[in-house]
Amino acid sequence: MSNDTAKRKLLSALAHGSIFFSATFVCIAVPLVILFISDDEIIQNNAKEALNFHLNVWLYTIIFGILTLILIGWLLLGILAIVTVVMPIIGIVKVLTNPNQVFRYPFILRVL
């Protein structure tokens, strides 16, 4: 495996896995830094996808949090918690098994 492939795997997996670092805004700094320091288009696109996922999780958390007042929000927050864990793991596995392809999260709004 070449150094470029190893670097691509590491930085792409780090971008997708950054959601596990904390539930604060600190976790968004990892893909943001990767986006700006990397000159590899695949790594940059994976970082953008991770940032979009973070923004979607925050948006849905706010919406579902408001819906908890109607009781259905608890169920939606539970589903969101599962998705927040499972989807980045799938992203990490995908970028490690195929480092030349960007992992795209399904059903998210893409701001970047």
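Placed above this text is the structure.
Note that this is a predicted model, so its numbers are computed, not measured. (Residues numbered from 1 in each chain as written. Predicted model: local features only at pLDDT ≥ 70, side-chain atom pairs only at ≥ 80, totals over all residues. Heavy atoms only, no water.)

Our next topic: the environment of Phe21. The topology assignment puts Phe21 in the loop between helix 1 (3-17) and helix 2 (29-37). Given a relative accessible area of 48%, Phe21 falls into the partly exposed group. With 24 residues separating them along the chain, Phe21 and Asn45 place their C-alpha atoms 20 Å apart. Residues within four places of Phe21 in sequence aside, it is in contact with Leu14, Cys27 and Val30. (Helix = DSSP H or I, 4+ residues; strand = E, 2+ residues; numbered from the N terminus. Buried < 20%, exposed > 50% of the residue type's maximum accessible area, 1.4 Å probe, protein only. Contact = heavy atoms within 4.5 Å.)

What follows is about the nonpolar core. Membership of the largest hydrophobic core is limited to 10 residues, which are Ala13, Ile19, Phe53, Val57, Met87, Ile92, Val95, Phe103, Tyr105 and Ile108. Listed by contribution, the elements that provide at least two residues to this core are helix 3 (41-67) and helix 4 (72-97). Counting residues per element, this core draws most heavily on helix 4, at 3 residues. Once residues lying within four places of it in the same chain are set aside, the contact partners of Tyr105 are His16, Glu49, Ala50, Phe53, Met87, Pro88 and Arg110. (Core = buried A, V, L, I, M, F, W, Y, C linked by side-chain atoms within 4.5 Å.)

Centre distance and the angle of the planes are the two values used to describe a pair of aromatic rings. Evaluation of the coordinates by the stated rule reveals 3 aromatic pairs. With a centroid separation of 4.2 Å and 15° between ring planes, the pair formed by Phe53 and Tyr105 is classed as stacked. Here Tyr105 lies in the segment after helix 4 and Phe53 lies in helix 3, a separation of 52 residues in the sequence. Taking 4.9 Å as the distance between ring centres and 80° as the angle between the ring planes, the aromatic pair formed by Phe103 and Tyr105 counts as edge-to-face. A connected cluster of aromatic rings, assembled from ring pairs, spans Phe53, Phe103 and Tyr105. (Phe/Tyr/Trp six-rings, centres within 6.5 Å; stacked < 30°, edge-to-face > 60°.)

Phi at Phe107 takes a positive value of approximately 60°, unusual for a residue other than glycine. Of note, Phe107 is situated in the segment after helix 4.

Turning next to the side chain of Arg8. Summarising the element assignment, Arg8 is placed in helix 1. Judged by relative accessible area, which is 17%, Arg8 ranks as buried. Within the structure, Arg8 has its side chain in polar contact with the side chain of Asn100 (distance 2.5 Å). Sequence-distant contacts of Arg8, that is, excluding residues within four places in its chain, are made with Asp40, Ile42, Ile43, Pro99 and Asn100. (Polar contact = N/O pair within 3.5 Å; in protein donor to acceptor, adjacent residues only side chain to side chain.)

What follows concerns the environment of Leu96. Relative to the helices and strands, Leu96 resides in helix 4. Along the primary structure Leu96 and Ala15 are separated by 81 residues, whereas in three dimensions their C-alpha atoms are 12 Å apart. Residues contacting Leu96, with those up to four places away along its chain left out, are Lys9 and Ala13.

None of the figures reported here should be taken as evidence of function without further support.
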